[in-house]
Amino acid sequence: MQPKFADELAWQQAEFLMQPIYIRIIDRIRQQSETSTWQVSYEEIRDPHPINYLCLKSANRQLKFDIWDLCYQVCFLDYDGSHSEIESQIVAVDTSLIDMEAQTPDWHRLDEKAKNVVARVFNNLPT
């Protein structure tokens, strides 16, 4: 699913942030998996567009989470993880994740937001 942007600047800001966000999300998943009873694996689907899934397995339960949706929850303001939202509304980039003065990601804010998104996934797993 491709997000809709208000303008070229918003698209550039999202493009600037997505790789650092993806890296932080994967690292936070790794950290959470170290203390979780759920087995973590990944799945990649390329057709019709690339989707990367976080796959969680525990006993007879299996759950999948779209990693790009997790990234979108970090990158965009008020994004709830709904594919229908990303297709129907213009997204707003969380510009607090960018250190405008240094022209770099604000690593602390980015990591905190990624930590919260991944923690929410693991904290809401069925027991």
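Everything below is about the structure shown above.
Residues numbered from 1 in each chain as written. Predicted model: local features only at pLDDT ≥ 70, side-chain atom pairs only at ≥ 80, totals over all residues. Heavy atoms only, no water.

J.: So what's going on with the packing of aromatic side chains? Residues and values would help.
T.: Going through the model one piece at a time under the given rule, you end up with five aromatic pairs. Ring centres of Tyr-72 and Tyr-79 lie 5.8 Å apart, and the angle between their planes is 90 degrees; on these two criteria the pair is classed as edge-to-face. Of the two residues, Tyr-72 and Tyr-79, both sit in the buried class. Considering the side-chain rings of Phe-76 and Tyr-79, the 6.3 Å spacing of their centres and the 75 degrees angle between planes classify their relative orientation as edge-to-face. On the basis of relative accessible area, Tyr-79 is assigned to the buried category, the value being 7%. (Phe/Tyr/Trp six-rings, centres within 6.5 Å; stacked < 30°, edge-to-face > 60°. Buried < 20%, exposed > 50% of the residue type's maximum accessible area, 1.4 Å probe, protein only.)

J.: Break down helix H2 (residues 67-75) for me, with residues and values.
T.: Where burial is concerned, most of H2 is hidden: eight out of the nine residues are buried. Ile-67, Asp-69, Leu-70, Cys-71, Tyr-72, Gln-73, Val-74 and Cys-75 are the residues of H2 that are buried. (Helix = DSSP H or I, 4+ residues; strand = E, 2+ residues; numbered from the N terminus.)

J.: Please give an account of the pairing of strand E2 (residues 39-45) that cites residues and values.
T.: Where a strand is regular, its side chains alternate between the two sheet faces. Alignment of E2 against strand E3 (residues 51-58), held across seven bridges, turns out to be antiparallel. Bridged to Gln-39 within E3 is Lys-57. Hairpin connection from E2 to E3: five residues lie between these consecutive antiparallel strands. (Pairing = 2+ DSSP bridges.)

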